[in-house]
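Spelled out, the chains give:
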Amino acid sequence: MTAPAPTSAPRLPFDRPNPLDLAPLLGRLREQGPIALVTTPAGDPAWLVTAYDEAREVLGDRRFGKAHPAPETASKISSAAIQSGPTGSFEDEEREHARMRKVLTPAFSAPRMRRLSGRIEELTERCLDEMEHARARDPHTAVNLHDLLSFPLPVQVICELLGVPASDRDLLRDWSERIGVLDGGGDAQRAMADFQTYMGRLAATKRDRPGQDVVTDILAVQAEDPSFTEDDMTRLAAGLLFAGHETTSARIDMGTLFLLSDPARRDRFAADPEGLVQSTVEEILRITAPGGLGLMRYAREDARVGAVTVARGDAVLVAINAANRDGEAFADPDAFAPERTPNAHLAFGHGGHYCIGNALARTEMRIAFTALFRRFPGLRLEVDPRTLREHSERLTGGVSTVPVLW
């Protein structure tokens, strides 16, 4: 680092009294300047970018990447098994990234998502059927929307896209939850090892019996590129499975909480979900960035951010949740305003690493919210959403219960 992290440098993740609000310390740091020195959950120093303009600048700047010139000396972010520190080869980072996007862009393209929409609608209706059955079995008890819609829907969709058998989804849920625990340590690594072993077995099956799925697509590229190792393949597939459902699940939960926290807001949306869903989803994406850490980068060379010189090798965390509530970029930034135009949020990042799964996430969210409020226009929360616990110990944050009635 340019300077060692002082003992006074605040340690991530910051306290978040309720899941609908930004962690207060994030807002205070942004008021003091666009970038600040913090301590990661692993106890190492890092720069935290909290302002919109600087966040967008770093995300779009090729001087910041995910690899490190000397990985053994790099600041660790956490002891989770994913996004815990530098990844990939410093010398070959751009080539590896280009290869990854070449493999995945067709699989996650907007046209393919449109073709997948019918299947997502079918899976969503099945989830809503389960909600109705649960309510009928015990009409005096709230239904946990997280367990019956927010979590299972994205898992089913990404598993189908990757070619994972439905019978294995519970296994993947366990591994995925353990992989993303910030202080998971050995258990997180064991879960990742099991995850990768499973993906290796699945890949072997796909080599014998190719399918119309992303794992088969990855294997086709691997067959043409000897430098694309088995470890590269299983890590990419495991990462896709994790990233492809965790954040979408959290956003369906949080979007539901925002919509139901104001009955008038719920009624407006329920009166015309098809007409309002696109702008509503964009506002949910802006205001509900899951997790308390941000997007991880390392400086490939010295670079100026705000008034700070970030030295080569320094860790930089881009706090998307803070940037998306920056009053310099968004009017009344803490207000949930689906009519907000324009809404140039950074929920999927920016620049060369813009999230390749953004079309999938948007498609799932639009279908889920439209179907949910069309089926249950009188949906309401059993509890004050501000009393729900946000899982700050997990990489993707979020809540594990959204108790609803109708």
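Notes on the structure in this doc start here. Predicted, not measured: the structure shown is a model, and the values here were computed from it.

Per the secondary structure count, the protein chain includes 15 helices and 10 strands. Taken against the 2.2 N^0.38 rule, which gives 22 Å for 406 residues, the C-alpha radius of gyration of the protein chain at 21 Å falls within 12% of a compact globule. Projecting the C-alpha coordinates of the protein chain onto the three principal axes gives extents of approximately 60 × 55 × 35 Å. Taken across its 406 residues, the protein chain has 57% of its residues classed as buried. Nonlocal contacts in the protein chain, meaning residues at least 24 apart in sequence, comprise 72% of its contacts between residues at least 6 apart. Counting every atom, the protein chain has about 17,100 Å² of accessible surface; 50% of that belongs to carbon and sulfur. Both charge centroids of the protein chain, one from 48 positive and one from 59 negative side chains, sit 2 Å from each other.

Applying the stated criterion to the full structure yields 7 aromatic pairs. Measuring from centroid to centroid gives 5.8 Å for W175 and F195, while their planes differ by 35 degrees, and the two rings are tilted. Taken together, the residues W175 in helix α7 (residues 169–179) and F195 in helix α8 (residues 185–208) connect sequence positions 20 residues apart. Note on accessibility: W175 and F195 belong to one class, buried. A connected cluster of aromatic rings, assembled from ring pairs, spans W175, F195 and Y198. Across from the ring centre of F151, 4.1 Å away, lies the NZ or CZ of R173, which sits over that ring. Above the ring of F330, the side-chain terminus of R286 is found at 5.3 Å from the ring centroid.

This paragraph deals with the packing of helix α11 (residues 246–260) against helix α15 (residues 358–375). At a minimum axis separation of 11 Å, α11 and α15 run at an interaxial angle of 40 degrees. By the angle class used here, α11 and α15 are oblique. In this structure, α11 crosses over α15, and the sense of that crossing is right-handed. Contacts between α11 and α15 involve T248, R251, I252, G255, T256, L259 and L260 from the first element and A361, E364, M365, A368, F369, L372 and F373 from the second. When its residues are assigned to classes, the contact of α11 with α15 shows 9 nonpolar, 3 polar and 2 charged.

Along the chain, the position of A307 falls in the loop between β6 (303–305) and β7 (308–310). Along the sequence, A307 and R340 sit 33 residues apart, while their C-alpha atoms lie 31 Å from each other.

Next up on the list: the pairing of strand β1 (residues 35–39). The buried fraction of β1 amounts to 5 of the 5 residues, a majority that puts the element mostly inside the structure. One ladder, built from 5 bridges, connects β1 with strand β2 (residues 45–49); its direction is antiparallel. Following the sheet pairing, I35 is matched in β2 by V49. The hairpin formed by β1 and β2 contains 5 residues between the paired strands, and G43 there has a positive phi angle of roughly 95 degrees.

The subject of this paragraph is unusual backbone geometry. Here the amide bond leading from L12 into P13 is cis, since omega sits at -10 degrees, within 30 degrees of zero. Structurally, P13 can be placed in the segment before α1 (24–32). Positive phi, normally seen in glycine, also occurs at Q83, with a value near 55 degrees. Along the chain, the position of Q83 falls in the loop between β3 (64–65) and α3 (93–104). Phi is positive for D332, close to 45 degrees, though the residue is something other than glycine. Within the fold, D332 resides in the loop between α14 (320–323) and α15. Residue D332 is classed as exposed on the basis of its relative accessible area, which comes to 56%.

Cut-offs used in this document
- Residues numbered from 1 in each chain as written.
- Predicted model: local features only at pLDDT ≥ 70, side-chain atom pairs only at ≥ 80, totals over all residues.
- Heavy atoms only, no water.
- Helix = DSSP H or I, 4+ residues; strand = E, 2+ residues; numbered from the N terminus.
- Rg over C-alpha atoms; globule rule 2.2 N^0.38 Å.
- Buried < 20%, exposed > 50% of the residue type's maximum accessible area, 1.4 Å probe, protein only.
- Contact = heavy atoms within 4.5 Å.
- Areas by Shrake-Rupley, 256 points an atom, 1.4 Å probe, with all protein chains shown as cover.
- Lys, Arg positive; Asp, Glu negative; His and termini not counted.
- Charge placed at Lys NZ, Arg CZ, Asp CG, Glu CD.
- Phe/Tyr/Trp six-rings, centres within 6.5 Å; stacked < 30°, edge-to-face > 60°.
- Lys NZ or Arg CZ within 6 Å of the ring centre and 35° of its normal.
- Axes fitted to C-alpha atoms, helices over the stretch in contact; angles between N-to-C directions.
- Parallel < 35°, antiparallel > 145°, perpendicular 65-115°, else oblique.
- Left-handed = near helix turned anticlockwise from the far one by under 90°.
- Nonpolar A, V, L, I, M, F, W, Y, C, P; charged D, E, K, R; others polar.
- Pairing = 2+ DSSP bridges.

Interpretation in functional terms is not warranted from these geometric data alone.
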